[in-house]
Amino acid sequence: MALLSFEEAIAHSEQYAKRHLLLGNGFSIACRADIFHYGSLFAQADFSAVPEVIKVFEALGTQDFEIAIRSLENAAQILPAYIDASADPQVLMIAHAAALKEILLQTIAANHPRIPGEISDAKFWACRSFLAHFAMPGGGQIYSLNYDLLLYWTLMHEDMPFSAPVLIEKTDGFGNDEDAPDADYVVWQGETAAHSACIHFLHGALHLFDSGAELKKYTWVRKQEPLIEQARSAIEGNAFPLFVAEGSSAQKKDKIRHNAYLYQGFKQLTVNAGRGNHCFFIFGHSLAANDDHILNRLARGKFPHLYIGIYGDPLSADNERIMNRAQELSGLRSLRYPLQISFYDAKSANVWGAA
């Protein structure tokens, strides 16, 4: 089928009051496939502490961490029905699923670009131009399912050499800690301040750390140390970022509901999905079932139009699956608020610049 170009999709969406953007892992892969593709992460991961899990990946025929995590957790639930009193295999599976989450996090942190300077200015400027279609002042909101720092770095990269800079609304609900205003981090200001936030990391990110009493956001400007170095140091000290890498959609949703920051972002998505004069774009997401907690909110909303990026041959098996899945989501919509689906050529968005 013929796809819209990204430019055509944007022009068509001008009829709506606001457009919002949901980013999947394809956003990061488009910038650095050598790091952020699951195959690359698998190749660079250190499984020495749990060598058995390599056979799990092999048996499943995948290098996707979330599939392996979900399979281990599901197997652990049904295993007691097939074994005697011993629960050791079940306990081991749960432990390995938890270990895989940490391995995924550590691998991303270990191989992440150290500083923004490792990515060209041209890429950041191109990405800002892409994002500005959504988070312009007075515009829509950006929701990311990625853990890395690429979106955050792009939002901070404001030194574009143009007479008219590309303005992006980057409020995220974080500000000074009232008890430590000079601290080398900022903290989430709670639900009230979050209502004005335009940037949401729905599954957490490497620069967001839950200290128990508050959610901290590491920044470069406060500590003058690269964010990834701050994250690596924290992880080495067994302080892990806010990070949702559960295996199933239900498990992810449960974790989101138990964290005020994540749940607020989830609620903001739900509110905007209920706006009858807004629209949504999806870029870099395969519409996989393990994110149904997000996709179903879009499907059951009231906004009239969803634009979905398709990368490569529309007739490929994976893209046909994505298109069929999109139509299934449309079918969940109330007849009173029908959802139209349009597909656009993801490559034409030139998110990180022309190849």
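Here, every reference points to the structure presented above.
First things first, this report covers the structure right here in the doc. (Residues numbered from 1 in each chain as written. Predicted model: local features only at pLDDT ≥ 70, side-chain atom pairs only at ≥ 80, totals over all residues. Heavy atoms only, no water.)

Moving on: the packing of aromatic side chains. To describe a pair of aromatic rings, one takes the distance between the centres and the angle between the planes. Considering all chains together, one arrives at 22 aromatic pairs under this definition. Aromatic pair Phe-6 and Tyr-344: ring centres 5.6 Å apart, planes at 55°, arrangement tilted. On the criterion of sequence distance, the pair formed by Phe-6 in helix 1 (residues 6-12) and Tyr-344 in strand 11 (residues 340-345) is long-range, its members being 338 residues apart. By the burial criterion, Phe-6 is buried, and Tyr-344 matches it. Three or more aromatic residues joined by ring pairs form one cluster here, namely Phe-6, Phe-130, Phe-134, Phe-281, Phe-283, Tyr-307 and Tyr-344. (Phe/Tyr/Trp six-rings, centres within 6.5 Å; stacked < 30°, edge-to-face > 60°. Helix = DSSP H or I, 4+ residues; strand = E, 2+ residues; numbered from the N terminus. Buried < 20%, exposed > 50% of the residue type's maximum accessible area, 1.4 Å probe, protein only.)

Here the focus is the packing of helix 14 (residues 260-273) against helix 15 (residues 292-299). It is at 8 Å that the axes of helix 14 and helix 15 come closest, and there the two elements cross at 25°. As the angle between them shows, helix 14 and helix 15 are arranged roughly parallel. On the side of helix 14, the interface is formed by Phe-266, Leu-269, Thr-270 and Ala-273, while helix 15 contributes His-293, Ile-294, Arg-297 and Leu-298. Residue classes in the contact of helix 14 with helix 15 are distributed as five nonpolar, two polar and one charged. (Axes fitted to C-alpha atoms, helices over the stretch in contact; angles between N-to-C directions. Parallel < 35°, antiparallel > 145°, perpendicular 65-115°, else oblique. Contact = heavy atoms within 4.5 Å. Nonpolar A, V, L, I, M, F, W, Y, C, P; charged D, E, K, R; others polar.)

Looking now at the nonpolar core. Formed by 107 residues in total, the largest nonpolar core has its most connected members in Phe-65, Leu-100, Phe-130, Phe-281 and Phe-283. No other element matches helix 7 (residues 88-111), which puts eight residues into this core. Excluding residues that lie within four positions of it along the chain, Phe-281 makes contacts with Phe-6, Ala-9, Ile-10, Ser-13, Arg-19, His-20, Leu-21, Leu-22, Phe-134, Tyr-307 and Tyr-344. (Core = buried A, V, L, I, M, F, W, Y, C linked by side-chain atoms within 4.5 Å.)

With that settled, the discussion passes to helix 12 (residues 227-236). Taken across its 10 residues, helix 12 has eight buried, putting it largely inside the fold. Those residues of helix 12 that sit buried are Leu-227, Ile-228, Glu-229, Gln-230, Ala-231, Arg-232, Ala-234 and Ile-235.

All right, on to the layout of surface pockets then. Here the largest pocket defines a volume of roughly 1,200 Å³. Around the largest pocket sit 47 residues that line it, and Asn-25, Gly-26, Phe-27, Ile-29 and Gly-284 are the ones nearest its centre. Broken down by element, the residue count for the lining of the largest pocket peaks at five residues, all from helix 2 (residues 26-31). (1 Å grid on protein atoms, 1.4 Å probe; cavity = no way out; pocket = protein on both sides within 12 Å on 5 of 7 lines; lining within 4 Å. Points joined across faces, edges and corners; volume = space filled by probe spheres on them.)

In space, the six strands of this open sheet follow the order 5-2-1-9-10-11, with parallel pairing throughout. Since the sheet does not close on itself, it has two edges, and those belong to strand 5 (199-201) and strand 11, each with one partner. Neighbouring strand axes in the sheet, compared pairwise and without regard to direction, differ in orientation by 20° on average. In this sheet, strand 11 lies alongside strand 10 (residues 305-310) in parallel orientation, the contact comprising six bridges. Of the residues in strand 11, the one forming a bridge with Tyr-307 is Ser-342. (Pairing = 2+ DSSP bridges.)

Below, the discussion takes up empty space enclosed by the protein. In total, this model carries one cavity of 30 Å³ or more according to the counting rule given. Size it by volume and the largest cavity reaches roughly 50 Å³. What lines the largest cavity is a set of 12 residues, and nearest its centre among them are Trp-188, His-200, Tyr-261, Gln-264 and Gly-265. Elements with a contribution of two residues or more to the lining of the largest cavity: strand 5 and helix 14. Among the elements that make up the lining of the largest cavity, the one with the highest residue count is helix 14 (four residues).

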